[in-house]
Every structure is written in C-alpha cells, then in structure tokens.
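# Inside the fold
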Amino acid sequence: METTFIMIKPDGVQRGLIGDIISRFEKKGFYLKAMKLITVERSFAEKHYADLSSKPFFGGLVEYIVSGPVVAMVWEGKGVVATGRLMIGATKPSESVPGSIRGDYAVEVGRNVIHGSDSVGSAQKEIALWFPEGLSEWRSEMHPWIYEA
Ligand code: IDP
Ligand code: MG
C-alpha cells in the first residue's frame, strides 16, 4: 500500500467541488488517512512548490494557492500515486481527458482545481510537510472486497 498527497486548490473549494473529488477517491477504493481545510502562508506555498521556484509562473502559482482555503488530504491504496495522477488528469486542462477531474472541471492551467504528488518520493515529502502530526491508522472493513489478498 502507498500513500499520496492530494490537495483541492482554492478554486476547487470555491466552486463546491470538494464532495465530488472526495467521492471519486472513496468510490475508487482508496482510504482517506488525513484531511484538513487550511489557508496557507505564502512561505508555506513556496516550500510546497520549491521545485518550481525558477519557473516564470511561480509567483502567480503561489498567489493562486494562498488565495483561499485548500483541502489537504492523504489517500492510501495500491498504486495510489500513479492512479491518483490519472484520476486528476494532465497538468494542462486542454490535455486532460474527459472523465478525469481536470478534464471534467478545468479550463486553465492556472486554475486546474487539484494537486496530486507526482512520485512516491514527493508524496513522502509533501505528506511530511502538510501533516507533521501524522496520519490515522485505519483500514476499511470492505478491504477484502476491494483488494485481493
Ligand atoms: P502538476 O500539478 O500536474 O503536477 P506541475 O508541473 O507540478 O503540474 O505544476 C504545478 C502547478 O503549477 C500546476 O498544477 C499548475 O497549477 C501550475 N502550472 C504549471 N504549468 C503552468 C504554466 O505553464 N502556467 C501557469 N501555471 C502553471
Ligand atoms: Mg507537480
């Protein structure tokens, strides 16, 4: 089992997409291990996106992330990092297939609704940054109905 960091960005919160997005991950068969609604400081957003600090859009990206509350979550499941990225869709909504979250709900790359970790390593880093308090240890009673032994 793997864990990934998923964040509903301020536009997703404002547009009332929280329930739909959580529902997609729940119904898929992934487990919610941590969640909080939080408005982050500029310095925190810069840390989260540190790898992109040299990009020309970095300033606008940080402005976007601090513009309102976000929903930060940790989801667990088999292959959840890669499958989560598929469920989210391509970075540019114009290239995100219908059926993916960005494909269904986004038009602009700078308003693409959701973040998901791009590798197991970045998931570990992002989870440590956003949830230093740790995760809930639980597993659904439905586990054997979703996962083979
Ligand atoms: P990802 O969110 O699909 O992993 P990254 O390349 O990690 O994409 O970029 C992080 C975020 O930065 C994107 O989700 C998007 O909001 C924003 N971003 C990426 N590329 C551009 C761009 O060319 N213009 C404006 N914003 C961008
Ligand atoms: Mg990324």
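Bear in mind the structure is a predicted one, so any value in this text is a computation, not a measurement. (Residues numbered from 1 in each chain as written. Chains lettered and ligands numbered in written order. Predicted model: local features only at pLDDT ≥ 70, side-chain atom pairs only at ≥ 80, totals over all residues. Heavy atoms only, no water.)

Time to look at the packing of aromatic side chains. Considering all chains together, one arrives at six aromatic pairs under this definition. Aromatic ring contacts, followed pair by pair, group F5, F44 and W130 into a single cluster. (Phe/Tyr/Trp six-rings, centres within 6.5 Å; stacked < 30°, edge-to-face > 60°.)

With respect to spatial proximity, the complete set of residues near ligand 1 consists of K9, Y49, L52, F57, L61, R85, T91, R102, V109 and N112. V109 has a polar backbone atom sitting 3.0 Å from an oxygen atom of ligand 1. Per-class residue counts for the shell around ligand 1 are five nonpolar, two polar and three charged. (Near = heavy atom within 4 Å. Polar contact = N/O pair within 3.5 Å; in protein donor to acceptor, adjacent residues only side chain to side chain. Nonpolar A, V, L, I, M, F, W, Y, C, P; charged D, E, K, R; others polar.)

Glancing now at the UniProt feature "active site" (unreviewed entry) in the protein chain. Per the UniProt annotation, the sites labelled "active site" (unreviewed entry) are H115. The topology assignment puts H115 in strand β4 (residues 114-116). Of the residues examined, H115 reaches a relative accessible area of 9% and is grouped as buried. Once residues within four sequence positions are removed from consideration, H115 is found in contact with F5, I6, M7, K9, H48, Y49, I88, R102 and E126. (UniProt positions renumbered as here; feature names shortened; annotations may be inferred. Helix = DSSP H or I, 4+ residues; strand = E, 2+ residues; numbered from the N terminus. Buried < 20%, exposed > 50% of the residue type's maximum accessible area, 1.4 Å probe, protein only. Contact = heavy atoms within 4.5 Å.)

Quick look at a nonpolar patch on the surface now. Taken together, the side chains of M142, W145 and I146 present a nonpolar region at the surface, about 390 Å² in accessible area. Along the chain, M142 turns up in the loop between α7 (120-130) and α8 (143-146). (Patch = residues over 30% accessible without salt bridge, like charges linked within 9 Å, V, L, I, M, F, W, Y side chains within 5 Å. Areas by Shrake-Rupley, 256 points an atom, 1.4 Å probe, with all protein chains shown as cover. Salt bridge = Lys/Arg side-chain N within 4 Å of Asp/Glu carboxyl O.)

Let us now look at the packing of helix α2 (residues 18-28) against helix α5 (residues 80-88). Orientation of α2 relative to α5, taken along the N-to-C sense of each, is 135 degrees, at an axis distance of 12 Å. One element, α2, and the other, α5, form an angle in the oblique class. The two elements α2 and α5 meet at a crossing, and its hand is right-handed. Contact residues: α2 offers R24, F25 and K28, while α5 offers T83, G84 and M87. The class makeup of the residues in the contact of α2 with α5 is two nonpolar, two polar and two charged. (Axes fitted to C-alpha atoms, helices over the stretch in contact; angles between N-to-C directions. Parallel < 35°, antiparallel > 145°, perpendicular 65-115°, else oblique. Left-handed = near helix turned anticlockwise from the far one by under 90°.)

Let's shift gears to the pairing of strand β3 (residues 70-77). In terms of burial, β3 is a largely internal element, eight of the eight residues being buried. Every second residue of β3 is oriented toward a common face, with V70, A72, V74 and E76 on one face and V71, M73, W75 and G77 on the other, all of them buried. Sheet topology note: the strand β2 (residues 31-38)/β3 ladder contains seven bridges and is antiparallel. Considered in β3, the bridge of Y31 is made with E76. (Pairing = 2+ DSSP bridges.)

Right, let's talk about the sheet that holds strand β1 (residues 2-8) for a bit. Overall, antiparallel pairing links the four strands, which are arranged β2-β3-β1-β4 in an open sheet. Strand pairing shows two members of the sheet lacking a second neighbour, β2 and β4, which therefore form its edges. Within the sheet, the average angular offset between the axes of one strand and its neighbour, ignoring direction, is 15 degrees. Along the sheet face, α2 touches β1, β2, β3 and β4 and points at about 5 degrees away from the line of β3.

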